[in-house]
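Residue strings, one per chain:
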Amino acid sequence: MHLITCLDDNNGMMFNKRRQSQDCLVREDILNNLQGSKLWMNSYSAVQFKETSGDFIFIDENFMFMASEHDYCFAENVSLTPYLNEINSLILYYWNKKYPADRYFDIDLSDWELRNTTEFAGNSHEKITKKIYLPKK
C-alpha cells in the first residue's frame, strides 16, 4: 500500500484524540494523485472527505489490513508499524509547525529513501511540504 499521513515538525500526528490540523489543499493533492486507485481510511478520517464524491473512497476500521498493494491509505489515528511490511511508499505532508502531540509517527525513516520533496501553499497553512519515501534497497 501507499501510506499517506500528515505530521508536524516533531512527527506528531494527534493530540488529545484529535488531529493536529487539516487543510483542504492537502486533501485536494491526495485526491489528484490517486491515479484511479482506491483510497482507504477509517471513519475518523472519512469526516475530512465527506464532501468528496466517487466510488474510490473506502471506509473500514481495519482499512490498513483491507488495502491491496496498489491502494492508498490515509492514516491519522493508528499505529503504523504493524503494517510496515505492507507499505511500499510513504507520502508525508508536513505542516511546518510544531503542535502539541501525544500520538507520533512510528516508522523509522532511516530505512526509507527520500525520493521527492515538493512545497505548496495550503489554505490554512503558509507552507506545506510533501515528501515521498520508498524503502531502501
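Residues numbered from 1 in each chain as written. Predicted model: local features only at pLDDT ≥ 70, side-chain atom pairs only at ≥ 80, totals over all residues. Heavy atoms only, no water.

Caption draft 1: Here's a closer look at the sheet that holds strand S4 (residues 39–41). Strand order in the open sheet made by the seven strands is S5-S4-S6-S1-S7-S10-S9, with mixed pairing throughout. Every other strand in the sheet has two partners, leaving strand S5 (57–59) and strand S9 (112–120) as the edge strands with one partner each. For this sheet, the mean angle separating the axes of adjacent strands, direction not counted, is 25 degrees. The pairing of strand S1 (residues 2–7) with strand S7 (residues 89–94) spans six bridges and is classified as parallel. Paired with leucine 3 across the two strands is leucine 90, which belongs to S7. (Pairing = 2+ DSSP bridges. Helix = DSSP H or I, 4+ residues; strand = E, 2+ residues; numbered from the N terminus. Axes fitted to C-alpha atoms, helices over the stretch in contact; angles between N-to-C directions.)

Caption draft 2: A look at the nonpolar core. Residues Leu3, Met64, Cys73, Leu80, Leu90, Phe105 and Ile107 are the most contacted members of the largest nonpolar core, which totals 21 residues. Put simply, the parts of the chain that give this core at least two residues each are S1, strand S2 (12–15), helix H3 (63–66) and S7. Element by element, the count of residues in this core is highest for S7, at three residues. Counting residues in hydrophobic clusters, the runner-up holds 16 residues, among them Ile4, Ala46, Phe74 and Ile91. (Core = buried A, V, L, I, M, F, W, Y, C linked by side-chain atoms within 4.5 Å. Buried < 20%, exposed > 50% of the residue type's maximum accessible area, 1.4 Å probe, protein only.)

Caption draft 3: Quick look at the layout of surface pockets. Put simply, the largest pocket is a space of about 180 Å³. Together, Ile4, Asp29, Ile30, Asn33, Leu34, Gln35, Tyr72, Ser89, Ile91, Tyr93, Lys130 and Ile132 line the largest pocket. Of all the secondary-structure elements, those providing two or more residues to the lining of the largest pocket are helix H1 (24–32), S7 and strand S10 (128–135). Here the element with the most residues in the lining of the largest pocket is S7; it accounts for three residues. Of the residues assigned to the lining of the largest pocket, the class counts are seven nonpolar, three polar and two charged. (1 Å grid on protein atoms, 1.4 Å probe; cavity = no way out; pocket = protein on both sides within 12 Å on 5 of 7 lines; lining within 4 Å. Points joined across faces, edges and corners; volume = space filled by probe spheres on them. Nonpolar A, V, L, I, M, F, W, Y, C, P; charged D, E, K, R; others polar.)

Caption draft 4: Main features of the environment of threonine 117. Position of threonine 117 among the secondary structure elements: in strand S9. A relative accessible area of 38% means that threonine 117 is categorised as partly exposed. In sequence terms threonine 117 and tyrosine 93 are 24 residues apart; their C-alpha atoms lie 9.8 Å from each other. Dropping the residues within four chain positions of it, threonine 117 is found in contact with Thr129, Lys130 and Lys131. (Contact = heavy atoms within 4.5 Å.)

Caption draft 5: Representation of the environment of tryptophan 40 in the model. Within the fold, tryptophan 40 resides in strand S4. Residue tryptophan 40 is classed as buried on the basis of its relative accessible area, which comes to 8%. Placed 23 residues apart in sequence, tryptophan 40 and phenylalanine 63 show a C-alpha to C-alpha distance of 5.7 Å.

Caption draft 6: Representation of the environment of tyrosine 99. As for its position among the elements, tyrosine 99 is in the loop between S7 and strand S8 (103–104). Given a relative accessible area of 22%, tyrosine 99 falls into the partly exposed group. It is 8.1 Å that separates the C-alpha atoms of tyrosine 99 and asparagine 10, two residues lying 89 residues apart in sequence. Leaving out residues up to four positions away in the same chain, tyrosine 99 has contacts with Asp8, Gln20, Ser21 and His125. Among the polar contacts made by the side chain of tyrosine 99, one reaches the side chain of histidine 125 at a distance of 3.2 Å. (Polar contact = N/O pair within 3.5 Å; in protein donor to acceptor, adjacent residues only side chain to side chain.)

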